[in-house]
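# Commentary on secondary and tertiary structure
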Amino acid sequence: MEKAQDIAALLDKDKIPRHVAIIMDGNGRWAERQGKSRIEGHEAGARNVKEITEACQELGVKVLTLYAFSTENWRRSKQEIDSLFHLMGRYMKQYSGQLHKTNVRLLHMGENQGLPEKTIEDIQKGLELTKDNQNMDVCVGFNYGGRREIVRAARQIADAVQAGTLSPEDITEEVFAQHLYLPEHSEVDLLIRTSGEFRISNFMLWQISYSEIVVSPTLWPDFSKDDFYKAIRDYQSRLRRFGGRP
Ligand code: FPP
């Protein structure tokens, strides 16, 4: 079996993706297979966030975006939703200090509206603590939906047109991207989805236009640094043409 360090050593340090986004799927199935509750599956998933953030720092990935709670996840049971909110708060408390020490900035991608006050407060504290850090950004998609993000951007642009501060002919892709939740991270280089499903699930619909996509069969709590390095190797083996010809 290939070892994590061996795969990492073989990676081309000049072709590390700047922005990696991950759909962390499979916590529920992982829990079921272990005879555990879904919540325990999410807890194991949250622990793995630390592992993969470290792998990104080791390789020099500058931006990691994680899909932690989607606008569709509101359809889950109240118990599961509450536990995800609680977990998010705990994660922010436990890890934001560690991330701060390694100069990582935390960012929130999504809406506060609808979230419990306590969760908003916990998120806000983590953002505030790390706001001046410059080594790497970890963006947490929480109460996030790709379509909702695009509709929100369209509304803001419509408001600007109505107010007379923007004319319709000046609406370009660049202008549109300025209205996304995190305008400075509007391009994803590599999108990873775990647990073998070939779906986008309303994640970063604008930002993934030219992303390379890697689907790993591994369930998120088991998705190791090895698996992450393999996904990067896969990315490096592809030729990105952005619609053009070499
Ligand atoms: C998908 O697995 C995962 C989620 C809906 C939640 C992801 C949350 C975490 C990994 C923990 C919190 C993260 C942070 C950053 C604090 P699923 O439940 O849909 O799995 P299944 O498809 O196997 O049921």
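Every chain is numbered on its own, with residues counted from 1 as its sequence reads. Local features are withheld for residues below a pLDDT of 70 in this predicted model, meaning they are given only at 70 or higher, and side-chain atom pairs are given and counted only at 80 or more; totals for whole chains, interfaces and linings count all residues. The basis for every side-chain value is the complete set of heavy atoms in the structure, and neither hydrogens nor water enter the calculation.

Inside soluble globular proteins, nonpolar side chains tend to come together where they are buried. Among buried residues, those of type Ala, Val, Leu, Ile, Met, Phe, Trp, Tyr and Cys that are joined through side-chain atoms within 4.5 Å constitute a nonpolar core. Summary of the burial criterion: residues with accessible area below 20% of their type's maximum are buried, those above 50% are exposed, and those between are partly exposed, where the area comes from a 1.4 Å probe applied to protein chains only. Among the nonpolar cores identified, the biggest contains 46 residues, and Val20, Ile22, Phe142, Ile192, Phe228 and Tyr229 are the most heavily contacted of them. Looking at this core element by element, the count peaks at 9 residues for helix 4 (residues 78-101). In this structure Val20 touches Val61, Val63, Leu64, Thr65, Leu190, Ile192 and Phe228, once residues within four positions along its chain are discounted. In this structure, Ala21, Val188, Leu191 and Ile208 belong to the second largest nonpolar core, which totals 15 residues. The numbering of helices and of strands both runs from the N terminus, where a helix is a DSSP run of H or I of at least 4 residues and a strand a run of E of at least 2. Only heavy atoms matter for contacts: two residues are in contact if any of them lie within 4.5 Å across the pair.

Okay, the side chain of Thr194 next. Checked against the element boundaries, Thr194 lands in the loop between strand 5 (190-193) and strand 6 (212-215). Residue Thr194 is classed as buried on the basis of its relative accessible area of 0%. Between N or O atoms, a polar contact is any pair within 3.5 Å; within protein, one atom must be a potential hydrogen donor and the other a potential acceptor, and residues adjacent in sequence are included only when both atoms are from side chains. Within the local environment of Thr194, its side chain forms a polar contact with the backbone oxygen of Asp25, the two atoms lying 2.7 Å apart. Once residues lying within four places of it in the same chain are set aside, the contact partners of Thr194 are Ile23, Met24, Asp25, Ser216, Thr218, Leu219, Trp220 and Phe223.

In this section: helix 6 (residues 146-163). The end-to-end C-alpha distance of helix 6 is 26 Å, a good match for the 26 Å that 18 residues give at a rise of 1.5 Å each. Within the span of helix 6, buried status applies to Gly146, Glu149, Ala153, Ile157 and Ala160. On an axial view of helix 6, the arc spanned by its buried residues comes to 70°, and they lie on one face. Set apart from the buried face of helix 6 by more than 90 degrees, the exposed residues are Arg147, Arg155, Gln162 and Ala163. On its buried face, helix 6 is in contact with strand 4 (136-144) and helix 7 (173-177). Taken from the residues just after helix 6, Gly164 is the one with a positive phi, measuring 85°. A helix is expected to span 1.5 Å multiplied by its residue count minus one. Comment: arc refers to directions from the helix axis out to C-beta atoms.

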